[in-house]
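Each chain, written out:
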Amino acid sequence: MTRRLSSVSIVATTALFVAAIGASTPASSGPATLCTYNDTVGLVTVEIPAGDTVTVVRDLEFIEANNQRCMDGATEATVDNTEVINIVGGAGAQHAVVSLTAGRFEPG
């Protein structure tokens with residue numbers, strides 16, 4: 001069965017993307033952005049450390065954050081098996097960008 005991102009999920013998630021959290025701070029040299037995938041429920045979670053920026057993109061059918069594929073063990077998150085992309089931040093300021101330059105986050 002093919003899963004599709006619902007327009008409600010896209011709208012709710014987009015609201016998280018458009019706003020930076022807190023005041024602007026320089027990028028940290030701390031932990032890297034963590035992108036995970038839960039294949040059971042079709043959920044991509046992107047965790048942004050304080051002071052960092054993340055760019056979420058579609059690379060062919062795969063979903064990536066800062067050029068790293070989102071994974072659940074050996075299963076890669078794709079536009080076919082993902083229902084929701086959730087971006088969360090730690091303390092301090094973060095910035096999230098969702099790039100649609102390679103296409104929308106839905107199957108062809």
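Cut-offs applied
- Residues numbered from 1 in each chain as written.
- Predicted model: local features only at pLDDT ≥ 70, side-chain atom pairs only at ≥ 80, totals over all residues.
- Heavy atoms only, no water.
- Phe/Tyr/Trp six-rings, centres within 6.5 Å; stacked < 30°, edge-to-face > 60°.
- Lys NZ or Arg CZ within 6 Å of the ring centre and 35° of its normal.
- Salt bridge = Lys/Arg side-chain N within 4 Å of Asp/Glu carboxyl O.
- Helix = DSSP H or I, 4+ residues; strand = E, 2+ residues; numbered from the N terminus.
- Buried < 20%, exposed > 50% of the residue type's maximum accessible area, 1.4 Å probe, protein only.

1. Things to note about the packing of aromatic side chains
Step number 1: Following the criterion strictly, the structure yields zero aromatic pairs and no others.
Step number 2: Lying across the ring of Phe-62, Arg-69 places its NZ or CZ 3.7 Å from the centre.

2. What to know about the pattern of salt bridges
In a structure, side chains of opposite charge can pair up when their charged atoms sit close to one another.
Step number 1: Across all of its chains, the model carries four salt bridges by this definition.
Step number 2: Two residues, Asp-59 and Arg-69, come together in a salt bridge whose shortest N-O distance is 3.6 Å. Of this pair, Asp-59 sits in strand S3 (residues 53-59) while Arg-69 sits in strand S5 (residues 68-69), and the two are 10 residues apart along the sequence.
Step number 3: Taking relative accessible area as the criterion, Asp-59 reaches 30% and is therefore assigned partly exposed.
Step number 4: With relative accessibility at 30%, the residue Arg-69 sits in the partly exposed group.
Step number 5: A salt bridge links Arg-69 to Glu-64; the nearest nitrogen and oxygen atoms lie 3.3 Å apart.
Step number 6: A residue is classified by how much of its surface remains accessible, and Glu-64, at 8% relative accessible area, is buried.
Step number 7: Via salt bridges that share partners, Asp-59, Glu-64, Arg-69 and Glu-76 belong to a single interconnected network.

Distances and angles like these do not, on their own, reveal function.
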